[in-house]
Amino acid sequence: MTKPERRLPTRKDAVANRERLLVGAEEYFAELGIDAPLHGLADRVGVGIGTVYRNFPAHADLIRALYDRIVDRFDKIAEQCADQPSGWDAIETLIRRSVQMLVENPATAAVMRRQDQNDPEYQPGNKWSGPIHDYVERAKAEGMLREDATPADIASIPFALSSVQNLPFEKRREVAERLTTLMLDGLRVHPHDPAPLGTSPINTREQHDLVQAIKV
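- Looking up the protein chain in an unreviewed UniProt entry gives the name TetR/AcrR family transcriptional regulator, with the organism given as Aeromicrobium phragmitis.

**Some remarks on the packing of aromatic side chains**
Stage number 1. Enumeration over the complete set of coordinates arrives at 4 aromatic pairs.
Stage number 2. Aromatic pair Tyr-28 and Phe-29: ring centres 5.8 Å apart, planes at 45°, arrangement tilted. The burial state of Tyr-28 is the same as that of Phe-29; both residues are buried.
Stage number 3. Here Phe-74 and Trp-128 contribute two aromatic rings whose centre-to-centre distance is 5.4 Å and whose plane-to-plane angle is 55°, an arrangement assigned as tilted. Here the residue Phe-74 occupies a position in helix H4 (residues 59-82), and Trp-128 occupies one in the loop between helix H6 (108-118) and helix H7 (129-141), the gap between them amounting to 54 residues.

**Structural notes on helix H8 (residues 151-160)**
An α-helical turn contains 3.6 residues, so a residue and the one three or four places further along point in the same direction.
Stage number 1. Considered for burial, the residues of H8 that qualify are Ile-154, Ile-157 and Pro-158. Burial along H8 is one-sided: seen end-on, the buried residues are contained in an arc of 90°.

**Regarding the pattern of salt bridges**
Stage number 1. Counted according to the given criterion, the structure contains 13 salt bridges.
Stage number 2. Measuring nitrogen to oxygen at the nearest pair gives 2.8 Å for the salt bridge that ties Glu-26 to Arg-73. On the criterion of sequence distance, the pair formed by Glu-26 in helix H1 (residues 11-32) and Arg-73 in helix H4 is long-range, its members being 47 residues apart. Each member of the pair, Glu-26 as well as Arg-73, carries the same accessibility label: buried.

**Notes on the nonpolar core**
Stage number 1. Formed by 51 residues in total, the largest nonpolar core has its most connected members in Phe-29, Leu-62 and Leu-187.
Stage number 2. If you list the elements that add at least two residues to this core, you get H1, helix H2 (38-45), H4, helix H5 (87-104), H7, H8 and helix H9 (169-187).
Stage number 3. Top contributing element to this core by residue count: H4, with 10 residues.
Stage number 4. Formed jointly, this core draws a minimum of three residues from each of two domains, domain 1 (10-57) and domain 2 (70-213).

**As for the packing of H5 against H9**
How two helices sit against one another is set out by the angle between their axes and by the gap between those axes.
Stage number 1. Across the interface, H5 lies against H9 with an axial gap of 10 Å and an inter-helix angle of 150°. Between H5 and H9, the crossing angle belongs to the class labelled roughly antiparallel. For the crossing formed where H5 meets H9, the hand is right-handed. Contact residues: Trp-88, Glu-92, Ile-95, Arg-96, Val-99, Gln-100, Val-103 and Glu-104 in H5; Arg-172, Arg-173, Ala-176, Glu-177, Thr-180, Thr-181, Leu-184 and Leu-187 in H9.

**Some points on the UniProt feature "DNA-binding region" (unreviewed entry) in the protein chain**
Stage number 1. Residues annotated in UniProt with the feature "DNA-binding region" (unreviewed entry) correspond here to residues 37-56.
Stage number 2. Span residues 37-56 is 75% helix and 0% strand, its end C-alpha atoms 13 Å apart.

**Description of H6**
Stage number 1. All of the buried residues in H6 are Thr-108, Ala-109, Val-111, Arg-114 and Gln-115.
Stage number 2. Residues of H6 that are buried in the fold lie against H4, H5 and H8.

**Digging into the environment of Leu-62**
Stage number 1. By the secondary structure assignment, Leu-62 is in helix H4.
Stage number 2. Residues Leu-62 and Val-52, 10 residues apart in the sequence, show an inter-C-alpha distance of 9.1 Å.
Stage number 3. If we skip the residues at most four places from it in the chain, Leu-62 touches Leu-22, Ala-25, Phe-29, Leu-38, Leu-41 and Phe-56.

Rules and cut-offs
Residues numbered from 1 in each chain as written. Predicted model: local features only at pLDDT ≥ 70, side-chain atom pairs only at ≥ 80, totals over all residues. Heavy atoms only, no water. Phe/Tyr/Trp six-rings, centres within 6.5 Å; stacked < 30°, edge-to-face > 60°. Buried < 20%, exposed > 50% of the residue type's maximum accessible area, 1.4 Å probe, protein only. Helix = DSSP H or I, 4+ residues; strand = E, 2+ residues; numbered from the N terminus. Arc of directions from axis to C-beta. Salt bridge = Lys/Arg side-chain N within 4 Å of Asp/Glu carboxyl O. Core = buried A, V, L, I, M, F, W, Y, C linked by side-chain atoms within 4.5 Å. Domains from an automatic or database assignment. Axes fitted to C-alpha atoms, helices over the stretch in contact; angles between N-to-C directions. Parallel < 35°, antiparallel > 145°, perpendicular 65-115°, else oblique. Left-handed = near helix turned anticlockwise from the far one by under 90°. Contact = heavy atoms within 4.5 Å. UniProt positions renumbered as here; feature names shortened; annotations may be inferred.

As structure tokens, then:
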């Protein structure tokens, strides 16, 4: 009896395995921390540890690949901002879409911090500084953004709200939407009518979870 011919892995298989590892790594690191062992990632994804190291010879290589995926996501947000009719609309789009992205991908901040530790010279995000500065100046000229707000404030707000990731999944978007609306309201020139929140107030349990997410 002849043995069935063994199918050799193809380039398509290799690409699919790499994508599975990246998707799995985001979930794995979000759950267990950025230093969780790679053999656990291999088990979770369902590949051998050799497949992990063929794709990412070192932990830093995996972090760099995850970081580049994050950059791609921010690039898409930047494209959406560039299409907005006003500086204020661009700022609101930037903050709302960035918060949404962070809520949906809770390993993002940890990956960005580790990449900066691994290679502080690698700064593809610098390309966003100019557009954010322009949006801030336009929004001030439009009479929408308070004069003391800075580009650094705008870029920092989504990460300041990232503790929302610590809430149960089903509550993250609702709480993120509420806090983002409050934050945007504070950026606007006063006086103005308060923006409707449209969501329920944060309860005591949710407040506790948000506080516990802050790393000191």
